[in-house]
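Observations on the three-dimensional arrangement
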Amino acid sequence: MSHTDVRLDTSVELPVERDALIGSAGRPERRQRGERLMVSKAEFRSYYGQPVLKSPPWQAPDIAGYLFLGGLAGASSTLAAAAELTGRPRLARGLKAGAAVAIAGSLYSLVHDLGRPERFLHMLRVVKVTSPMSIGSWLLAGYGPLAMLAAGSAVTGRLPRLGRLGTLGAGVAGPAVAAYTAALISDTAVPVWHEAHAELPIVFVGSAAASAGALGLLVAPDREAGPARRAALLGAVTELATAHRMERRLGMVGEPLRRGLGGALLRASHVLMAGGALALSLPVRNRVLTRAGAVAMIAGSICLRFGIFHAGVASARDPKYTVTPQRERLEARAESRRRRP
Amino acid sequence: MALDLREATGGERDPATAGGYAEPPERVGFFTDTSVCIGCKACEVACKEWNAVPEDGLLFTGMSYDNTGSLGADSWRHVAFIEQPRRLGRQETHLAPTELPPDLLRSAGGRTAVSLGLPASAPPDGHVAAAADMDFRWLMSSDVCKHCTHAACLDVCPTGALFRTEFGTVVVQEDVCNGCGYCVPACPYGVIDKRPSNGLVSKCTLCYDRLSVGQEPACAKSCPTDSIQFGELAELRERAAGRVRDLHDAGVTSARLYGADPQDGVGGAGAFFLLLDEPEVYGLPPDPVVTTRDLPAMWRRAGLAAVGLLVALAAVTIPGARR
Ligand code: SF4
Ligand code: SF4
């Protein structure tokens, strides 16, 4: 733990047993432990290396899982509706069933993650556009029953008209369900999530389209699988390209996207997604290859959400990512004031 | 039920007015003048007692005299302690080297004694010599919820559990909160947190119950040096500006206000501070911004992405369509 940096003796032989030099340095990198902090490159100052922010009190399986399931459900519903309208009933049916299962899973995760699950209906006390969670709750309240209706009718063959209503309704609401989750996590002080707010929605819908397309490939017969393959490829390319741009643009704040657990998950995600896309785009049509590619894409989509989740948490835990960009912002502002007095 | 973008877009309006109160009382807040804080933690104790805040863990942190660690669900006031080899204004430290008994020195493995900055307590019999060139200052600061003009926690709360009071403060309603935890990462100061024992979030209420009957908050009442001053915000800001001038005149050039500017990223804090070093040294963010300031941009991007997804998924089904 940290000790005072005030001492009567300034001998260089002194052992340094602290994580942060109070008021003059930050938390050293792990591999630097034991080195003298005076030579540390960390330029920012902090309170004993303690985080400035509170980390989200969310469980990764619940919330990262929800980010994935919500995307899968939303995009699947839309692809299902489009497939139905273009005469691909079996693709549509499989996707509707998948969407219903996914949305049920995400509702479970969301309720399970509450501190007071029995109060989940309090979400519907108010409508607040300043709260993506409020808007999301209303979205799910509308989309969930429609997706269930669509799936129920498609699987049992009953109530075709209501089923059609559910299919179209869920198809229109689906993209909103898939995209809003980006605003949900961006609308926090968590450095990585907040700073990524320009790209995150595109990354998420790309990943959602890829996972829905992959699901379609797993459930549809070959002659109906064309749209699913195209959706998967388009989604994968969009996700990979935008995620790449995001990681580059974020610079120092984006470090947690490259390091630690979050970084590892994201690297795995990119490999799986690119590998899956490659398998699907080969000119040879091979069932095993297609299925393997689809499974890889779904796994990649899951890893992406968990990677972004963990990178965000890591960026909230280290004061460096809070203090340094804000300090730079302040200095830039002071600089521009000096230029034009 | 209200479509509520007011908190985020209310500009420089009084937060209580923006929150829907027709004729609210004057906005109140705290001015915490850390230059007179003595680190007694009376505020922490008074807060716990008055608000029945549970125990927050008995830890030895090794961070000077700070064993509270940080603000949290069970710490609504937190006194930070920072030891620095710097002079405070023109003050002489009169610090003395501590002479350790030989066996203690041996058990320390030959390491040199480290002064904690405590004035030596040895008898005045000549053993103690003043260390003339040893500069030292001890910064103490009692941190608290900032009761932001544009409060991120309140903006993002999906249940309406967090609300703006008529005094312009921000308070959680325990019976409404469902523990979604969204407010926790939304706060740019890391103030609000979830209490594991009941699954709900909690933070400083600026003693809403006491304000309602014309009493000042418990921490301000108990502060023996008036480091925590409670009052009408406009008056506190004037008083604080005067105090900074006085300190500068006294040679304490490092004195500066934090959170007093209504133009800052949170529209000015209802609880602001006079600090003697950069905010991050006290664990405070140097330039906090309410996250919902960027929310319109986020909604635009999300909307764009959603429309893009709809169009793309429709487009991929067109080749080979049978109807
Ligand atoms: S400091 Fe944090 S908890 Fe307090 S009002 Fe501001 S955003 Fe809310
Ligand atoms: S945890 Fe409670 S107070 Fe915080 S955002 Fe959720 S419902 Fe609101």
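Residues numbered from 1 in each chain as written. Chains lettered and ligands numbered in written order. Predicted model: local features only at pLDDT ≥ 70, side-chain atom pairs only at ≥ 80, totals over all residues. Heavy atoms only, no water.

**Examining the UniProt feature "transmembrane region" (unreviewed entry) in chain A**
All names here are of chain A. Following the UniProt record, one finds the feature "transmembrane region" (unreviewed entry) at residues 63-83, 95-115, 135-155, 167-186, 198-220 and 288-308. Here residues 63-83 is 100% helix and 0% strand, with 30 Å between the C-alpha atoms at its ends. In the segment residues 288-308, helix accounts for 100% and strand for 0%; the C-alpha atoms at its two ends are 30 Å apart. (UniProt positions renumbered as here; feature names shortened; annotations may be inferred. Helix = DSSP H or I, 4+ residues; strand = E, 2+ residues; numbered from the N terminus.)

**Some remarks on the packing of helix α2 (residues 89-113) of chain A against helix α6 (residues 200-219) of chain A**
Geometry of a packed helix pair, given as the angle between the helix axes and the separation of the axes. All names here are of chain A. Contact pair α2 / α6: the axes reach a minimum separation of 9 Å and the direction vectors enclose 125°. By the angle between their axes, α2 is oblique relative to α6. Where α2 crosses over α6, the two elements pack in a sense that is right-handed. Facing Leu91, Gly94, Leu95 and Gly98 of α2, the residues of α6 in contact are Ala212, Leu215, Gly216 and Val219. Considering only residue class, the contact of α2 with α6 consists of 5 nonpolar, 3 polar and no charged. (Axes fitted to C-alpha atoms, helices over the stretch in contact; angles between N-to-C directions. Parallel < 35°, antiparallel > 145°, perpendicular 65-115°, else oblique. Left-handed = near helix turned anticlockwise from the far one by under 90°. Contact = heavy atoms within 4.5 Å. Nonpolar A, V, L, I, M, F, W, Y, C, P; charged D, E, K, R; others polar.)

**Brief notes about the sheet that holds strand β9 (residues 256-258) of chain B**
Residue and element names in this part refer to chain B. Pairing is mixed in the open sheet, where 4 strands are placed in the order β8-β1-β10-β9. Of all strands in the sheet, those with a lone pairing partner are β8 (228-232) and β9, marking the two edges. Across this sheet, the average inter-strand angle for adjacent strands is 25°, counted without regard to direction. Pairing geometry for strand β1 (residues 28-33) and β8, over 5 bridges, is antiparallel. Among the inter-strand pairings, Phe30 is bridged to a residue of β8, identified as Phe230. Packed on one face of the sheet, helix α9 (residues 233-249) meets β1, β8, β9 and β10 (271-275) and runs near 135° to β8. (Pairing = 2+ DSSP bridges.)

**Some remarks on helix α1 (residues 60-85) of chain A**
Residues and elements named next belong to chain A. The end-to-end C-alpha distance of α1, which contains 26 residues, comes to 37 Å, matching closely the 38 Å that a straight helix rising 1.5 Å per residue would cover. Roughly 25° is the biggest bend found in α1, and it falls at Tyr66. Burial analysis of α1 places 23 of its 26 residues in the buried class, which makes it a mostly covered element. Gly87 lies just past α1 and shows a positive phi near 75°. (Expected span 1.5 Å × (residues − 1). Bend = angle between axes of the 7 residues up to and from the residue. Buried < 20%, exposed > 50% of the residue type's maximum accessible area, 1.4 Å probe, protein only.)

**Structural notes on the packing of helix α4 (residues 160-186) of chain A against α6 of chain A**
All names here are of chain A. Between α4 and α6, the shortest axis-to-axis distance is 8 Å and the interhelical angle comes to 140°. You can see that α4 and α6 cross each other, and the crossing is right-handed. Taking contact as the criterion, the partners of Ala178, Ala179, Thr181, Ala182, Ile185 and Ser186 in α4 are, on α6, Leu200, Pro201, Phe204, Val205 and Ala208. Within the contact of α4 with α6, the residues separate by chemical class into 9 nonpolar, 2 polar and no charged.

**So, the site of ligand 1**
Ligand 1 sits among 13 residues. The nearest are Cys145, Lys146, Cys148, Cys153 and Cys187 of chain B. Here the shell around ligand 1 is composed, by residue class, of 10 nonpolar, 1 polar and 2 charged. (Near = heavy atom within 4 Å.)

**Thoughts on the pattern of salt bridges**
All names here are of chain A. As enumerated under the stated definition, the model contains 23 salt bridges over all chains in all. We note a salt bridge from Arg164 to Glu84, for which the minimum N-O separation is 2.9 Å. Placement of the pair is Arg164 in helix α4 and Glu84 in helix α1, with a sequence separation of 80 residues. For Glu84, a relative accessible area of 16% corresponds to the buried category. (Salt bridge = Lys/Arg side-chain N within 4 Å of Asp/Glu carboxyl O.)

**Points about the side chain of Ser109 of chain A**
Locating Ser109 of chain A in the fold gives a position in helix α2. Ignoring sequence-local partners within four residues, the contact set of Ser109 of chain A consists of Asp62 and Tyr66 of chain A.

**Some details on a nonpolar patch on the surface**
All names here are of chain A. A grouping of Leu159, Leu162 and Leu165 is seen on the molecular surface, where their side chains present a nonpolar patch of about 300 Å² in accessible area. Considering the arrangement of structural elements, one finds Leu165 in helix α4. Residue classification places Leu165 among the exposed positions, given a relative accessible area of 54%. (Patch = residues over 30% accessible without salt bridge, like charges linked within 9 Å, V, L, I, M, F, W, Y side chains within 5 Å. Areas by Shrake-Rupley, 256 points an atom, 1.4 Å probe, with all protein chains shown as cover.)

**Description of helix α10 (residues 319-339) of chain A**
Residue and element names in this part refer to chain A. End to end, α10 covers 30 Å across 21 residues, agreeing with the expected 30 Å (1.5 Å per residue, within 8%). Three or more residues of α10 are buried, namely Pro319, Lys320, Tyr321, Thr322, Val323, Thr324, Gln326 and Arg327. On the buried face of α10, the contacting elements are α5 (191-195) and α9 (287-317). At the N-terminal boundary of α10, the capping side chain belongs to Asp318, with an oxygen 3.0 Å from the backbone nitrogen of Lys320. (Polar contact = N/O pair within 3.5 Å; in protein donor to acceptor, adjacent residues only side chain to side chain.)

**Re the environment of Gly49 of chain A**
With respect to the helices and strands, the residue Gly49 of chain A is situated in the segment before α1. It is 9.7 Å that separates the C-alpha atoms of Gly49 of chain A and Arg317 of chain A, two residues lying 268 residues apart in sequence.

**Overview of the interface of chain A and chain B**
Quoted interface sizes are often the accessible area lost when the parts come together. The interface is formed by 91 residues belonging to chain A together with 100 residues belonging to chain B. Approximately 7,700 Å² of surface area, both sides summed, lies buried where chain A meets chain B, with 61% of it carried by carbon and sulfur atoms. Counting every contact that joins chain A to chain B gives 5 salt bridges. The interface formed by chain A and chain B holds 39 residue pairs in polar contact (both at pLDDT 80 or more) in total. (Buried area = accessible area lost by both parts, 1.4 Å probe.)

**Focus: the packing of aromatic side chains**
Under the definition given, this model contains 12 aromatic pairs over all chains. Where Phe167 of chain B meets Tyr208 of chain B, the ring centres are 6.2 Å apart and the plane angle is 80°; that geometry is what we call edge-to-face. Here the residue Phe167 of chain B occupies a position in the loop between β4 (162-164) and β5 (170-172), and Tyr208 of chain B occupies one in helix α7 (residues 208-212), the gap between them amounting to 41 residues. The exposure class assigned to Phe167 of chain B is buried, which follows from its relative accessible area of 12%. By relative accessible area, which is 21% here, Tyr208 of chain B ends up partly exposed. The rings of Trp58, Trp193 and Phe309 of chain A together with Tyr182 of chain B are connected pair by pair, giving a single aromatic cluster. (Phe/Tyr/Trp six-rings, centres within 6.5 Å; stacked < 30°, edge-to-face > 60°.)

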